[in-house]
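Breakdown of the fold
Single-letter residue listing:
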Amino acid sequence: MSAVPLLKVNDVSKFYGSRIGCRNVSFDLFPGEVLAIVGESGSGKTTLLSCLSTRLMPTSGIVEYHMRDGQYRDLARMGEAERRFLMRTDWGFVHQNPADGLRMTVSAGANVGERLMAVGDRHYGNIRAAASDWLERVEIGIDRIDDQPRAFSGGMRQRLQIARNLVTNPRLVFMDEPTGGLDVSVQARLLDLVRGLVHDLGLAAIIVTHDLAVARLLSHRMMVMKDGAVIEQGLTDRVLDDPREPYTQLLVSSILQV
Amino acid sequence: MATPLVVSEVAKSFTMHLRDGIRLPVVANVTFSVKAGECVVLGGPSGVGKSSILKMLYGNYGVDEGQILMEHDGKLVNLATAEPRTVLEVRRATLGYVSQFLRVVPRVSALDIVAEPLQARGVAIEDARARAAELLSKLNLPTALWSLPPATFSGGEQQRVNIARGFITDHKILLLDEPTASLDAKNRAVVVEMIAEKKAKGTALIGIFHDEEVRDAVADRILDVSAFSPRKAAA
């Protein structure tokens, strides 16, 4: 069990003018840990995710990342170039809408290969081999490697986006509603895939979802947000089986049983 | 050898915020310990808090007061206050649980569900699957089902997958929540035998068994949970 956190989040708040995006959020994320952030629309989940992943600058608070050289770096104090490099290599970001994370008019193979080129790989044969390997891992037929994601179904696009993010062996992946908008059988396949990959690669992940079943299946730990604040957190099983806060009890009791 | 599990003055209540915040006390002053190789059966009528105690021991339920001490990795861990990642580490290496119902994962085969806890402890997938196959045949689960996800299995079939998954590792502490509830006589006997093997290997077991025959066969001691009733404690 690793003793030092990968990400240290200390008292992060984000205000949009006088409106609260998220406030006073603190937690540590350890290597290999999967954290789910749940809550209804407008509760601040996505704002928090954006603050953590440097897509938004927090109004106050500090987010520190444990770099591969063993040093902690304050993300807000990093240069733009360095931050972009981190996002392309050590991190992944899986968007709800694959079109936001993919280049829709270049081939599937190039979508995966591009991230490898970003880390300095220049050998065409190696890049193509890595791309085919990853397409296979996310269950996309090799015969589709030269097709553009425009020609893919929603589920395939999402799997391609995951391959594109994981090809550089990131240590931390952010996911924003990764299964939103997919029908249930496609969702099951994606969940199984994500679960396997997270486990095999020892990834740390922060997953924003409003679907408690997704959180139960994928996450170790869970934070429940309401009105921008974290109102309850703990082991995923504990939060779902023994919710303490009124809002968490309402959420859990609102799950539809099949 | 240290006592694997010591429970001391544990109390638990639920606050139902959706029903005007009424507070339901469940148990209070729960105190007991389980020795290595011992099987303690939680007894008492339905609703007295047996399952709640098991869930607190596993960390699914929070604990209001008291300590749950387990020997994990040569150290004493208080599960009542442990961090989530410590709880998960204890579950991986020390604490097993056979729940009443199987929580199925879409698309994962019965064999892999059973093999998973061994894999999580670093055993190679082929070896873990071989051990899983051994257990599933011992529990008479038809071979044709092994490669299927158990979502469509019958209650008894799911329960056997669950039992195999719980018994595959050599965890020092094993919690059993009615593992034989939906099994026929032949498979009940298999489970009784498997529990006896665990005891012989020095596992500490805590279980709930409504079936008297099974209970008498496995229990070293029956702990009457009604003694921990909070109403009694208040009186």
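Conventions adopted
Residues numbered from 1 in each chain as written. Chains lettered and ligands numbered in written order. Predicted model: local features only at pLDDT ≥ 70, side-chain atom pairs only at ≥ 80, totals over all residues. Helix = DSSP H or I, 4+ residues; strand = E, 2+ residues; numbered from the N terminus. Rg over C-alpha atoms; globule rule 2.2 N^0.38 Å. Buried ≥ 20, exposed ≤ 12 C-beta atoms within 10 Å, placed from the backbone. Axes fitted to C-alpha atoms, helices over the stretch in contact; angles between N-to-C directions. Parallel < 35°, antiparallel > 145°, perpendicular 65-115°, else oblique. Left-handed = near helix turned anticlockwise from the far one by under 90°. Contact = placed C-beta atoms within 7 Å. Nonpolar A, V, L, I, M, F, W, Y, C, P; charged D, E, K, R; others polar. Domains from an automatic or database assignment. Core = buried A, V, L, I, M, F, W, Y, C linked by C-beta atoms within 7 Å. Pairing = 2+ DSSP bridges. UniProt positions renumbered as here; feature names shortened; annotations may be inferred.

All right, on to the overall build of chain A then. Helix and strand content of chain A: ten helices and ten strands. In summary, chain A has a C-alpha radius of gyration of 18 Å against a globular reference of 18 Å for 258 residues, a match within 12%. Projected onto its principal axes, the C-alpha coordinates of chain A cover approximately 55 × 45 × 40 Å. Residues classed as buried in chain A amount to 46% of the 258 residues present.

Below, the discussion takes up the packing of helix α3 (residues 110–120) of chain B against helix α5 (residues 155–167) of chain B. Residues and elements named next belong to chain B. Packing of α3 against α5 brings their axes to within 7 Å, and their N-to-C directions diverge by 25°. Put simply, α3 runs roughly parallel to α5. For α3 against α5, the interelement crossing comes out right-handed. On α5, the residues that touch Ala 110, Ile 113, Val 114 and Pro 117 of α3 are Val 161, Ala 164 and Arg 165. When the residues that make up the contact of α3 with α5 are grouped by side-chain class, the tally is six nonpolar, no polar and one charged.

Right, let's talk about the interface of chain A and chain B for a bit. In this assembly, 21 residues from chain A lie in contact with 16 residues from chain B. At the level of secondary structure, the elements contributing two or more residues to the side of chain A that touches chain B comprise α7 (184–201), β10 (229–235), α9 (236–241) and α10 (246–253) of chain A. Broken down by class, the residue content of the side of chain A that touches chain B amounts to eight nonpolar, four polar and nine charged.

Although it is not a glycine, Thr54(A) adopts a positive phi angle of roughly 65°. Considering the arrangement of structural elements, one finds Thr54(A) in the loop between α1 (45–52) and β4 (60–66). On the basis of neighbour counts, which here come to 20 C-beta atoms within 10 Å, the residue Thr54(A) falls in the buried class. Its identity is not glycine, yet Glu178(B) carries a phi of approximately 45°, on the positive side. Secondary-structure assignment places Glu178(B) in the loop between β7 (173–177) and α6 (185–200).

Residue and element names in this part refer to chain B. In terms of domain boundaries, chain B breaks down into domain 1 (1–94 + 173–182 + 203–235) and domain 2 (101–170). A separation of 25 Å is found between the C-alpha centroids of domain 1 and domain 2. Here the side of domain 1 that touches domain 2 is composed, by residue class, of three nonpolar, one polar and one charged.

Time to look at the nonpolar core. Residues Ile37(A), Val114(B) and Ala164(B) are the most contacted members of the largest nonpolar core, which totals 128 residues. Two domains each donate at least three residues to this core, and these are domain 1 (1–94 + 173–182 + 203–235) and domain 2 (101–170) of chain B. Those residues within four positions of Ile37(A) in sequence are excluded, and the remaining contacts are Lys45(A), Leu48(A), Leu49(A), Ile206(A), Val208(A), Met223(A) and Met225(A).

Attention now goes to the sheet that holds strand β7 (residues 172–176) of chain A. Residue and element names in this part refer to chain A. Read across the sheet, six strands follow the order β6-β7-β8-β3-β9-β10 without closing on themselves; strand pairing throughout is mixed. The open sheet terminates on both sides in strands that have one partner only, identified here as β6 (91–94) and β10. Averaged over all pairs of adjacent strands, the angle between their axes in this sheet comes to 15°, without regard to strand direction. Two strands pair when backbone bridges link them, and strand β3 (residues 34–38) and strand β9 (residues 221–226) are joined in this way by four bridges, in the parallel orientation. Following the sheet pairing, Leu 35 is matched in β9 by Arg 221. Here helix α6 (residues 154–166) sits on the sheet in contact with β6 and β7, set at roughly 170° to β6.

What follows deals with the UniProt feature "domain: ABC transporter" (unreviewed entry) in chain A. Residues annotated in UniProt with the feature "domain: ABC transporter" (unreviewed entry) correspond here to residues 7–252 of chain A. Within the segment residues 7–252 of chain A, helix and strand shares are 40% and 26% respectively, and the terminal C-alpha atoms sit 28 Å apart.

On to the environment of Val48(B). Residues and elements named next belong to chain B. Within the secondary structure layout, Val 48 lies in the loop between β3 (39–43) and α1 (50–58). Between the C-alpha atom of Val 48 and that of Val 26, which follows or precedes it by 22 residues, the distance is 7.4 Å. Ignoring any residue separated from it by four or fewer positions in sequence, one finds Val 48 in contact with Val 225, Ser 226 and Ser 229.

Residues and elements named next belong to chain B. By the element assignment, Lys 199 lies in helix α6. Considered as a pair, Lys 199 and Val 218 are 19 residues apart in the sequence and their alpha carbons are 9.2 Å apart. Once you skip the residues sitting within four places of it in the chain, Lys 199 turns out to touch Gly 37, Cys 39 and Leu 205.

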